[in-house]
Amino acid sequence: MPPAITDPSTPLTASADPTAPPVIESPEGARVTIGGRQYDWFRGNSYLGLQAHPDVLRAACEATLRYGLKLRDHRRVGCHPCVLEWERAANSFFDCEAAVLLGSGYAGGAVMAAALGDDFDVAFVDEQSHANVWDGLAAAGVRVISFPHRDPAGLAAVLSTDLGARQRPLVVSDGIFPITGALAPVPDYEAVLQPYDGALLCLDDAHAYGVLGRTGAAHRTTSV
Ligand SMILES: Cc1ncc(COP(=O)(O)O)c(C=O)c1O
């Protein structure tokens, strides 16, 4: 394996524009190639390193040759069997009611807001939750209140001041926060929500699946 170059004085990009993103010339993994040089890579979103796994690449090539290029399927128009196969596998892995494959994790917040529709009245979001949650709920025109990071008492306080009588809360948090690796105090949130009829707790487990729980099914196998 080639040695990593980690000299912090080496600029990641030769671009004159300091806001330009580094151009990555290799699959994303623990190391990437930028400007022809190898770097240790602590960012990106290939969380389990599967984007460059040989089995995944081989299967993706075979599926592309067979079905053509398509990032997502429109269910009413028609859908390829590999999408249904993926959803069945996810369904069984997470032992849940149903799984839906989306084109990106970023779409998650908007899809959650649309799917839950009228099932809640006010959304309470951990102040450090990922942008997809804020953007998705804002686009849906939902009333959103933030609560202090990983703080069940803070959540209880905003629930008592910002939720009207007979209103149902939706509480949203990352299951594991990407920057710090901190876990959401899920059992404590469940206890706080106990008195609220119809309360919903929704976790973005983008950083928890494959990592948390005996099988890697994240909060589906722990306390939720
Ligand atoms: C907690 C969390 N949710 C969702 C996303 C969005 O996922 P994607 O990059 O696949 O769109 C990210 C990515 O940074 C994330 O950290």
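My aim in this report is to walk through the structure given alongside it, one point at a time.

Basis of the calculations
Residues numbered from 1 in each chain as written. Predicted model: local features only at pLDDT ≥ 70, side-chain atom pairs only at ≥ 80, totals over all residues. Core = buried A, V, L, I, M, F, W, Y, C linked by C-beta atoms within 7 Å. Buried ≥ 20, exposed ≤ 12 C-beta atoms within 10 Å, placed from the backbone. Contact = placed C-beta atoms within 7 Å. Helix = DSSP H or I, 4+ residues; strand = E, 2+ residues; numbered from the N terminus. Pairing = 2+ DSSP bridges.

## Considering the nonpolar core
For soluble globular proteins, the rule of thumb is that nonpolar side chains tend to be buried together. Ala123, Phe124, Leu155, Leu170, Val171 and Val172 are the most contacted members of the largest nonpolar core, which has 20 residues in total. If we skip the residues at most four places from it in the chain, Val172 touches Ala123, Val125, Ser129, Val133 and Cys202. Phe177, Ala208, Tyr209 and Ala218 belong to the second-largest nonpolar core, a separate cluster that totals five residues.

## Description of unusual backbone geometry
At Asp95, a residue that is not glycine, the phi angle is positive and equals roughly 50 degrees. Here Asp95 falls in the exposed class, since 10 other C-beta atoms lie within 10 Å of it. Here the phi dihedral of Arg150 falls at roughly 55 degrees; this positive angle occurs in a residue that is not glycine. Structurally, Arg150 is set in the loop between strand 4 (143-147) and helix 5 (152-162).

## Focus: the pairing of strand 1 (residues 31-34)
Here strand 1 runs beside strand 2 (residues 37-40); their pairing, made up of four bridges, is antiparallel. When the sheet's bridge partners are listed, Thr33 is paired in strand 2 with Gln38. Between strand 1 and the antiparallel strand that follows it, strand 2, lie two residues; Gly35 among them carries a positive phi value of about 60 degrees.

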